[in-house]
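Coordinate inspection notes
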Amino acid sequence: MKKRLLVQFLLAILLIPNGMMAQSSDATINSTLSGRVLDEKTNEPLIGASIQIKGTTHGVISDADGKFYFKTGQKLPYTLIVNYIGYEVKEVLATTSSIVVSLQSNAKQLGEIVVVGYGTQERKNLIGSITKVNPLEVSSIPVGSIDAQLQGKVSGVQISSPTGVPGESVNVRVRGATSINADNDPLYVVDGVFINSNSLQTIGTGGKATSPIADLNPTDIQSIEVLKDAEATALYGSRGANGVILITTKRGNFEQAPKVNFNVSYGQAKAIKLWELTTGHEHAQLVNEWWINTGKDTPSLNRTFANRPFRPVSEGGRGLPEEQKTYDRLSEAFRTAALQSYDISLVGGTKTTKYYIGGGFNSQEAILKPITFDRASFKVNLDQKINDRVQIGVSNSFSRTYRNQARAGDGPQGGLLQAALHTPTYLSPTENGVLVGRAGFDNLTLLLDNYDVNSTSLRYIGNLYAEAELLPNLKLRSSWGADYNNYNESEYWNTFLLLGAQGGLATSSISQFTSLLNEQTLSYRQKFGNKHSFGVVVGNTLQSDVLTRTYAEGRGFANNSFKIISSAATTTSTQSWSKSNLASFFAKADYGFDGKYLFNFSVRADGSSRFGTDRKWGYFPAVGAAWRIKQETFLKDVTFLNDLKLRTSYGIVGNQNGIGNFAAQGLWTGGAPYQGSPGIAPQQLANPDLKWERTNQFNIGLDASLFNSRVSFEINYYTKYTRDGLLQLALPSTTGFANYWSNAAEISNKGFELNINTVNYQRAGLKWTTSFNIAQNINKIEKLENPLRYGSRDLILQQQGTPLYSFWVYKQLSVNPETGNVVYEDVNKDGQITVADRQIVGSIWPKFFGGLTNNVNYKGFELSAFFAFQYGNKVYNHNKFFGEGGGARDAARVILASNNVRWQKPGDITDVPRPDGVNVNNYRDGGSRWLEDGSFLRLRSLNLAYNFPKSIANKLKADALKVYVNGTNLFLLTKYTGLDPESSASSDQNAQGIDLGTPPQPRSFQAGLSLTF
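Read on for a plain summary of the structure. Just so it is clear, the structure is predicted and the values come from calculations on it, not from any experiment.

On a plain count of helices and strands, the protein chain comes out with eleven helices and 51 strands. Over its C-alpha trace the protein chain gives a radius of gyration of 32 Å, about what one expects of a compact globule, namely 31 Å for 1013 residues. Across the 1013 residues in the protein chain, those meeting the buried criterion constitute 53%. Taking all contacts inside the protein chain whose residues are at least 6 apart in sequence as the whole, residues at least 24 apart take part in 69%. Total accessible area on the protein chain stands at roughly 42,600 Å², and carbon and sulfur atoms take up 56% of it. Looking at the protein chain, you have 99 positive and 85 negative side-chain charges, and the mean spots of the two groups are 6 Å apart.

Right, let's talk about helix H5 (residues 280-297) for a bit. Here H5 spans 26 Å end to end across 18 residues, near enough to the 26 Å set by a 1.5 Å rise per residue. Of all 18 residues in H5, 13 are buried, a share of seventy percent or more.

Cis geometry marks the peptide bond from Leu-76 to Pro-77, where omega comes out at -5 degrees. Tracing the sequence through the fold places Pro-77 in the loop between strand S4 (67-72) and strand S5 (78-83). The step from Lys-369 to Pro-370 runs through a cis peptide bond, and the omega angle for that step is -10 degrees. Within the element layout of this structure, Pro-370 appears in the loop between strand S19 (353-365) and strand S20 (372-385). The backbone phi angle of Asp-794 is positive, close to 55 degrees, even though this residue is not glycine. Position of Asp-794 among the secondary structure elements: in the loop between strand S38 (788-790) and strand S39 (796-798). Here Asp-794 falls in the partly exposed class, since its relative accessible area comes to 30%.

Further remarks concern the sheet that holds strand S15 (residues 221-227). Note on sheets: strands pair through backbone hydrogen bonds, and any given pair is parallel or antiparallel. With mixed pairing, the five strands of this open sheet are ordered in space as S10-S15-S16-S13-S14. Of all strands in the sheet, those bounded by a partner on one side alone are strand S10 (130-133) and strand S14 (193-195). Direction aside, neighbouring strands of the sheet carry axes that sit 25 degrees apart on average.

Next up on the list: the packing of aromatic side chains. Summed over the entire model, instances satisfying the criterion amount to 22 aromatic pairs. With centroids separated by 4.5 Å and ring planes inclined at 45 degrees, the aromatic side chains of Phe-861 and Tyr-946 adopt a geometry described as tilted. Taken together, the residues Phe-861 in strand S45 (residues 861-871) and Tyr-946 in strand S48 (residues 936-947) connect sequence positions 85 residues apart. On the accessibility criterion, Phe-861 (43% relative accessible area) is partly exposed. In textbook terms, an aromatic cluster arises when at least three aromatic residues are bridged by ring pairs, as seen for Phe-772, Phe-848, Phe-869 and Tyr-871. One cation-aromatic arrangement involves Lys-153 over Phe-866; the distance from NZ or CZ to the ring centre is 4.4 Å. Over the ring of Tyr-465 we find Arg-477; its NZ or CZ atom is 4.1 Å from the centre of that ring.

So, on to the environment of Gly-48. Tracing the backbone through its elements, the reader meets Gly-48 in the loop between strand S1 (31-39) and strand S2 (50-53). Judged by its relative accessible area of 9%, Gly-48 falls in the buried class. A C-alpha to C-alpha distance of 5.0 Å links Gly-48 and Ser-62, two positions 14 residues apart in sequence.

With 24 bridges joining them, strand S27 (residues 532-555) and strand S28 (residues 570-593) adopt antiparallel strand pairing. Its bridge partner lying in S28, Gly-535 is registered against Asp-590. Pairing geometry for S28 and strand S29 (residues 597-608), over twelve bridges, is antiparallel. Across the sheet, the residue bridging to Ala-587 is Val-603, located in S29. Once S28 ends, the chain turns through three residues before running back antiparallel as S29, passing Asp-594 with a positive phi of about 60 degrees.

For the rest of this paragraph, the subject is the environment of Leu-464. The topology assignment puts Leu-464 in strand S24 (residues 453-471). Residue Leu-464 is classed as partly exposed on the basis of its relative accessible area, which comes to 41%. Put simply, Leu-464 and Val-875 are 411 residues apart on the chain and 46 Å apart in space, counted from C-alpha to C-alpha.

The subject of this paragraph is the nonpolar core. One finds Trp-275, Phe-334 and Leu-368 to be the most contacted residues of the largest nonpolar core, which totals 34 residues. When contributions to this core are tallied by element, the ones reaching two or more residues are helix H6 (330-333), strand S18 (337-349), helix H7 (416-421) and helix H8 (444-449). Ranked by residue count, the leading element in this core is H7, at five residues. Those residues in contact with Phe-334 that sit more than four places away from it in its chain are Leu-274, Trp-275, Ile-367, Leu-368, Lys-369, Leu-417, Pro-999 and Pro-1000. Ile-796, Tyr-805, Val-809 and Ala-985 belong to the second-largest nonpolar core, a separate cluster that totals 27 residues.

On to the pattern of salt bridges. In a structure, side chains of opposite charge can pair up when their charged atoms sit close to one another. In this structure the tally under the stated criterion is 33 salt bridges. Lys-54 is the salt-bridge partner of Glu-91, the closest N and O atoms lying 3.2 Å from each other. Here Lys-54 lies in the loop between S2 and strand S3 (59-61) and Glu-91 lies in strand S6 (residues 90-94), a separation of 37 residues in the sequence. Since its relative accessible area comes to 48%, Glu-91 is described here as partly exposed. A salt bridge links Lys-563 to Asp-452, with the shortest nitrogen-to-oxygen separation between them at 3.6 Å. Of the two residues, Lys-563 sits in the loop between S27 and S28 while Asp-452 sits in the loop between H8 and S24, which places them 111 residues apart along the sequence. Look at Lys-563 and you get partly exposed, because its relative accessible area is 45%.

Scoring rules and cut-offs
- Residues numbered from 1 in each chain as written.
- Predicted model: local features only at pLDDT ≥ 70, side-chain atom pairs only at ≥ 80, totals over all residues.
- Heavy atoms only, no water.
- Helix = DSSP H or I, 4+ residues; strand = E, 2+ residues; numbered from the N terminus.
- Rg over C-alpha atoms; globule rule 2.2 N^0.38 Å.
- Buried < 20%, exposed > 50% of the residue type's maximum accessible area, 1.4 Å probe, protein only.
- Contact = heavy atoms within 4.5 Å.
- Areas by Shrake-Rupley, 256 points an atom, 1.4 Å probe, with all protein chains shown as cover.
- Lys, Arg positive; Asp, Glu negative; His and termini not counted.
- Charge placed at Lys NZ, Arg CZ, Asp CG, Glu CD.
- Expected span 1.5 Å × (residues − 1).
- Pairing = 2+ DSSP bridges.
- Axes fitted to C-alpha atoms, helices over the stretch in contact; angles between N-to-C directions.
- Phe/Tyr/Trp six-rings, centres within 6.5 Å; stacked < 30°, edge-to-face > 60°.
- Lys NZ or Arg CZ within 6 Å of the ring centre and 35° of its normal.
- Core = buried A, V, L, I, M, F, W, Y, C linked by side-chain atoms within 4.5 Å.
- Salt bridge = Lys/Arg side-chain N within 4 Å of Asp/Glu carboxyl O.

Fair warning: the whole summary comes from geometry, so function is off the table for now.
Have a look at this one:
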């Protein structure tokens, strides 16, 4: 008792402003009121409780005995609002001059319901590592898909948006990466349906890929749970190897009056900054230096000062450098983009029926012309009670997603940023009145005016279920789910553009993905006496995935008015079909004793058609235990401690994603004609021993809640070890095959996660809360017989003993101040710089990453600031390599202003060498000069909202009215010299962290209105 009073007294000293203890003596006194605030369970006084007379600004604070006193101009009776950190807010009607108020401890966090595998559970009874995210916290961030909105919100989950194009794929890694060739993306489950998260795109856009997750409307989502450890994901078996993201959409409630919710927002986005380029004068001077230096190194080229390119016109040159104009193409390529969103929903229910109907339209222009993203969606969720024991329901999501889909990655032809960024600033876009480009690059104006690359995704995700209570506490549930995606792409390149220069080029691709799912679960839960609780779930899953694709191409059109492939002089086409089946059986049992000791065990068996005849089945068990230490007698009197729980788990999960549906089989192709006659030929070598990739994972965690839930934290340490890693191995060409699938890699991940939530201030209508998370993952390739190279210029090297996605570069030591030439580290000391001198220098993995959120609420106002950060990762600035690499590559590429600090004379100290067209070392592909620190701190979102008083809303015939403004990416602190440290030119998981031709994440501002009727 004394300890509790001491703690509360100290808190009162720290948190109570002296001014709130004072009361005016000048006002008219119509009543006095004395009272006391107590804990409802213990009857102990609560020090520092806020007591306010409703409808006034008059408030006081309870003292060390929980007592308070009012002298007020208000006449009895009046309503008091009593508020105390860690307790439910209570309104009490005061009718006499003395009152006692009892507050109930706020156990919302411990009693919070969390969605787990095939069911729900109270947070206090969780054993696995699960993070719950409220979509409302991130829904205002204007990106195409919900996964991009989650960045920085979930500890241990590294999310990066490699492009500023809305609706493109996002990299999501739950506790690292476990595979080289197999898929590392988490499993997405929407209302019980396993959905496809792999892009169906076939038409090239410079290495980029669209995101199927962008077909979901974030406004329809009720909650998101991220399952991270083996105990949490075990019931999903092979599907949960890379973590599971459970998405639950909104539903109505029984006996709920109908409500209409309407939300509209509009805003704009633009680039935070663009590349700083040389002026026409500066670029011309660089070209002259390049010309002269090349001539000095190789006199036979006859390149001298006298015949330099930029000399007086009278001498046959292009004019002096200072006479050159500067042409700004970046401003032509980028724009201020329009953002708009409209959502409306109807939710409600009767005694036997509940429903949610929602529709939405979201339109986002990219900051890079002419890219757009439009999504129209329609959602219907319906639940019906047949009787007291039987219930059926459906979930239906329909969407149409349209993209004007430009090339915003690698590759010069058709590349928007290449045309804008790698064309000399001194070069006029017109010649004799005609638009022209430079060799190998399109004229930007022509490219923007004639761009025609489009895709339309039609998506249906649905689920039908029936649930029956067979006996008391015994439930049977059967469900049928479907994920159908029709993805239609087309592109046309007319004769004004390089890709269509030979009469025009048109392509069309239609992909159809169909996933059918049937599940049965039988669950039983029972309590025995006051101390024992027991539950068991058994079930099975049958799933079939089919992918069909038809691709056609036409070349040679009569003129640019003809765009349909049937009008082409030459046409070609291909067709493919692929199918995989998965049969699964699973069971889970859990037991709890006295609310203190929690245990569970689960096992899942998966049989996949993708593996060898005798290797199709994989078995994935998991076991977990938790000890709620706070429930022990020796801690029950420690009043500042609300809860303390120790958790641990171990399990095995499998992976089959990312390999071909027929990966283990020997395949033949019929597309092998010989002398005009049809024929067949071997296509793929069989591997009957191909089996499941398996990851063992151990987790130990501690959860705590302190000071009446004012402070809570969760900490986890985990290790993951992957064996039998699925990998394509190269074969000698003499075999007739290029490669085959095998189990040839081992990879480890280990790390920690920390989440802290605090209530910093809560009094008199003002509440300030903070959420902070930080994590680290250490990745290592434990076994890989032969190194594998990925990415442009083989910049990524997968090698035993190093992390996945490590950069393989020539390490630049300096620029020789006497010669202006680059000095590289000669690793093998042979006096030459060759491939043998390339070495691993950093990787894309940060040393730590996380997020910080502050929320402040005051009398209808809501202010939220959300930061995301990461530290210690590397990014290869390939834009800078090309923009500085005019020497040994091409003088016209010396486009970036960073060239202005180059070496020009003996004694210059710089890391940018002299421009030179002969000395390959100065601009060697893979030089470490362009490998930069990718650490950043980003103000991801800043949101200010105001909820109007109900009296004002009622005047509009509304129940609630809210207005808000939101800004994203308002602040970015980084040493990276490119535009965005998260940029990556490719969606290939093995080629991340290489920034080339990619628009950055934009800064945006939005204003919105939300109404409830």
